[in-house]
Structures are given as structure tokens and as C-alpha cells.
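Structural description and commentary
Okay, here's what each chain looks like letter by letter:
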Amino acid sequence: RFAVKALAGGQNVELLSAQVKQFSPEVAVVMDDGLAHRLGKQLPRAHGVEVLHGPEGYKTAATMDSVDMVVSAMAGSAGLIPTLAAVEHGKPVALANKESLVMAGDLLMGLAREKNVPVVPIDSEHSAVFQCLAGNRRQDLKQILLTASGGPFRGRSRSDLAKVAVADALAHPTWAMGARITIDSSTLMNKAFEVIEAHYLFHTDYDDIDVVVHPQSIIHSMVEFVDGSVKAQLGDPDMRLPIQYAVTYPDRSAWDARRFDITKQDLTFEVPDMETFRLLALGYEAGRRAGSAPAVLNAADEVAVAWFLEERIGYLDIEAVVEHSLESVAWRPMKTVEDVLDADAEARAVAAAHAAALAAR
């Protein structure tokens, strides 16, 4: 039922080339001019696709007249500008790029309300909350319970974490994801981002958003209502389901994967260890401070994780870089996109300098 009008693939030229040949979009976008040249050489003229690159290319793809829904799934802060552009042009957004909400939640959701544009979450946790709230009044919501797998280091001590190697942190027990989000899941920073996302998506106070460790990743999240009733969304840990729900909403399309068997599930729950995994606590703190703090949180983490993946700093140094950046970058209100981008740039510089200092020890 869908026609793909534009595809943006970052640096993934080979995969993007195969998808262009399969789906015949009008536009394909990559990160820079060199990658655009490579992509163009791989595509027969018969496909007639226009190859664009860079931020302007992404904005063009997100605002095309022929596009009536944008799936925003870019990794990192690069997703902010095209996501805002899509909403500004009245395009419904299926949102997987959590950085857009973490960095500029007030701006994005304010613009969505002004333009009367739906923002439907793709993250499995927020999709679960979205589904649980369907048909219920917002004033009846008491609490959001975001589930977390706990990552590969659940139950480990701080001394254990000090010895973690990159390969260890990339071995997630239940989800197959990109490198940065896998590292963020292992530190619980990803859950910190999701708390901030939930605050903006569902207009819920941080005191009413709790994290519950659920290693099996079968319950994707829950909501509690004022009468004490708790509603949960369950399913196999398969991202195809929340993606499909977001792009077909408010419809549900038939699912031809294997049937979910509740009798084979052994579900357990734990309180997150925020003393060992302190980035989750820092996420709550940054969310409550609002203003520039969430943007600094995201930028510092993005820099620190990149340094860790390159094996230039240690695992616990990620936390140190983020904490230092939150303490060092002066807080200010975020009134415009330029304010957000300025805070992001300053935080990246501060984070990189501190990461370099840690690497030189």
C-alpha cells in the first residue's frame, strides 16, 4: 500500500543502491558529495532517481510535495533538522530519531501542535505506551512504566564495568541495533533518552515516568491509570511490529510472522541500579533541568561513545565525559533551533576536550 518517494541512507551507499533499485524512489540522499557520486555511478539511468546530499538534501527529501509521511530514523543529532522541516511542512512523522525529542522536545512538539501534525513513535517502548493509551483519556494516566532489558551488564558492579571492552558492550542480549544505540543500551543512557522522549511525547512529569528492568523484552512498556489498572503491550522483540504500527496508524495490518505464545514466556522485573549505571540518573537530572541540558546530554554522549568505539577511552569514561559536560556547559533556555545547535556544538567541543584528556592519562 506504500510508494517510496525518497530514501536517505547516510553512508550506506551499497544498501541504499539496492533499495533504490527495488523501490524506485524519486530522490535518494547521502551524506556528502563524494558518496553521492559513488551512488550515482551504481544506479542505471533508467531508474531516473535524483541523488542529493548533505543537510539540504535531507530537508528536500523530508518536504517533497509527493511525500505524505516521513519516517525519521537517522542516528544522532543529524536527524533534528529534517524532522523539524517535515513537521513545518505538515508531514506526519513516524519517529525513531530520539535525538530530535531529547535535544528539542519543546520546539518539535510545539510545532507539531501548531501545525496539527501527528508524531507517532517507533521506539518499541513509546509505541507500547502510545498503544496502551489509545482509547483512554489523558487525564486518567497516572504513571508510565518504561521497560528496559538491562543490557549485557545487568547485575555487574562498577569494578566489573571498568574492564568492559567494546566487543562486550556491543553484545546485546535481546536486540540487534546500531553501534551507538547498543552502547547506550548497555550504559542505560538509551533509557535515559527514552525517559526524556516520554516526557515530551505524552506530556508527563518526570516523577510519573519510571523505568523497570525486564530482561526478556516481551513487555515493551506499561501504563498505570488513576484507578490502579495497569495496561501493558506485549510481543516478541521484533522492531518490525512498532515500525509497521507507526506507518499504518491508525490501522493495523495483518502480521504474518510466527504467532506470539504467552505460555512460553517467563517474565521477570527488577528495579534499575542507578548507582552502578549512573547515566540513567543523569538523564533524569538533565530532563528536569530542561533548557540546554538534554541537548548537552545527547551531544556529550554521542562524542564519548564514538571515542569508546574507537578504543581511545574506557567504558566508564563515557559517563565521566557526559557528567563533565553537563557541569561545564552553561545552562540556557532553548527558544530557537539555533539555540539548540549552539548548545550541541559547545557540548561537543567540551566533551571532545575532556575525552582527549582522559585518553592521555
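What counts and what doesn't
Residues numbered from 1 in each chain as written. Predicted model: local features only at pLDDT ≥ 70, side-chain atom pairs only at ≥ 80, totals over all residues. Heavy atoms only, no water. Pairing = 2+ DSSP bridges. Helix = DSSP H or I, 4+ residues; strand = E, 2+ residues; numbered from the N terminus. Axes fitted to C-alpha atoms, helices over the stretch in contact; angles between N-to-C directions. Buried < 20%, exposed > 50% of the residue type's maximum accessible area, 1.4 Å probe, protein only. Contact = heavy atoms within 4.5 Å. 1 Å grid on protein atoms, 1.4 Å probe; cavity = no way out; pocket = protein on both sides within 12 Å on 5 of 7 lines; lining within 4 Å. Points joined across faces, edges and corners; volume = space filled by probe spheres on them. Nonpolar A, V, L, I, M, F, W, Y, C, P; charged D, E, K, R; others polar. Expected span 1.5 Å × (residues − 1). Salt bridge = Lys/Arg side-chain N within 4 Å of Asp/Glu carboxyl O. Phe/Tyr/Trp six-rings, centres within 6.5 Å; stacked < 30°, edge-to-face > 60°. Patch = residues over 30% accessible without salt bridge, like charges linked within 9 Å, V, L, I, M, F, W, Y side chains within 5 Å. Areas by Shrake-Rupley, 256 points an atom, 1.4 Å probe, with all protein chains shown as cover. Core = buried A, V, L, I, M, F, W, Y, C linked by side-chain atoms within 4.5 Å.

To continue, consider the sheet that holds strand E4 (residues 70–72). The pairing of strands in a sheet happens through backbone hydrogen bonds and is either parallel or antiparallel. Spatially, E4-E5-E6 is the arrangement adopted by the three strands of the open sheet, whose pairing is parallel. Pairing within the sheet leaves two strands with one partner each, and these edge strands are E4 and strand E6 (119–121). Across the sheet, the mean angle separating the axes of adjacent strands is 25° when strand polarity is ignored. Summarising the sheet, E4 and strand E5 (residues 93–95) pair through three bridges and their orientation is parallel. Of the residues in E5, the one forming a bridge with Val71 is Ala94.

Before going further, it helps to examine helix H11 (residues 240–248). Looking at H11, one finds that the buried residues are Pro242, Tyr245, Ala246, Val247 and Thr248. Structurally, H11 contributes buried residues whose contacts are with E4, E5, E6 and helix H6 (124–133).

Judged by pairing direction, the sheet is parallel, and its three strands sit side by side in the order E1-E2-E3 without closing on themselves. The open sheet has two free edges, formed respectively by strand E1 (6–8) and strand E3 (50–53), since each of these has just one partner strand. The sheet shows a mean angle of 20° between the axes of neighbouring strands, direction not considered. Relative to strand E2 (residues 27–30), E1 runs parallel, the two being bridged by three bridges. Within the sheet, the bridge partner assigned to Ala6 lies in E2 and is Val27. With respect to the sheet, helix H1 (residues 13–23) is in contact with E1 and E2, its orientation differing from that of E2 by roughly 175°.

Turning next to the layout of surface pockets. Taken as a whole, the second largest pocket spans an internal volume of roughly 430 Å³. In terms of lining residues, the second largest pocket is bounded by 18 residues, among which Val119, Phe130, Leu201, Phe202 and His203 are the most central. A per-class count over the lining of the second largest pocket returns 13 nonpolar, two polar and three charged.

An α-helical turn contains 3.6 residues, so a residue and the one three or four places further along point in the same direction. For helix H10 (residues 189–201), which comprises 13 residues, the first-to-last C-alpha distance of 18 Å matches the rise-based estimate of 18 Å (1.5 Å per residue) to within 8%. Counting buried residues along H10, twelve of its 13 residues qualify, which places the element largely inside the surrounding structure. For H10, the complete set of buried residues consists of Met189, Asn190, Lys191, Ala192, Phe193, Glu194, Val195, Ile196, Glu197, Ala198, Tyr200 and Leu201. Following H10 by one or two positions, His203 has its phi on the positive side, about 50°.

Moving on: the pattern of salt bridges. Side-chain pairs of opposite charge can arise whenever the charged atoms involved come near each other. All chains considered together, the criterion is met by 25 salt bridges. Across the salt bridge formed by Lys98 and Asp123, the nearest N and O atoms sit 3.2 Å from each other. Pair noted here: Lys98 is in helix H5 (residues 98–115) and Asp123 is in the loop between E6 and H6, with a separation of 25 residues, a long-range link. Take Lys98 and Asp123: they sit in the same class, and that class is buried. Notably, a salt bridge pairs Glu323 with Arg278, separated by 3.5 Å at the nearest N-O pair. With Glu323 in helix H14 (residues 315–328) and Arg278 in helix H12 (residues 278–289), this residue pair connects regions lying 45 residues apart in the sequence. What makes Arg278 partly exposed here is its relative accessible area of 33%. Connected via shared salt-bridge partners are Glu99, Arg180, Asp184, Asp301, Glu302, Asp344 and Arg348.

Time to look at the packing of aromatic side chains. Under the criterion given, the structure shown has five aromatic pairs. Measuring from ring centre to ring centre gives 5.0 Å for Phe130 and Tyr249, while their planes differ by 65°; the resulting arrangement is edge-to-face. Note that Phe130 is positioned in helix H6 and Tyr249 in the loop between H11 and H12, a separation of 119 residues in sequence. Between Phe153 and Tyr315, the aromatic rings sit 5.4 Å apart at their centres with planes inclined by 80°, giving edge-to-face as the arrangement. Note that Phe153 is positioned in the loop between strand E7 (141–148) and helix H7 (158–161) and Tyr315 in helix H14, a separation of 162 residues in sequence. One exposure class covers both Phe153 and Tyr315, and it is buried. Here the aromatic cluster, defined as three or more aromatic residues joined through ring pairs, consists of Phe130, Tyr245 and Tyr249.

Together, Leu234, Phe260 and Ile262 line one region of the surface with nonpolar side chains, adding up to about 230 Å² of accessible area. With respect to the secondary-structure elements, Ile262 resides in the loop between H11 and H12. The class of Ile262 is partly exposed, set by a relative accessible area of 46%.

In terms of nonpolar packing, the biggest core is built from 92 residues, with Leu297 and Phe308 touching the most fellow members. In terms of residues, this core owes the most to one element, helix H13 (residues 293–309), which gives eleven residues. Once residues lying within four places of it in the same chain are set aside, the contact partners of Leu297 are Met189, Phe193, Ile196, Leu282, Gly283, Ala286, Val322 and Leu326. Ranked by size, the runner-up nonpolar core spans eleven residues in total, among them Leu7, Ala36, Leu39 and Leu43.

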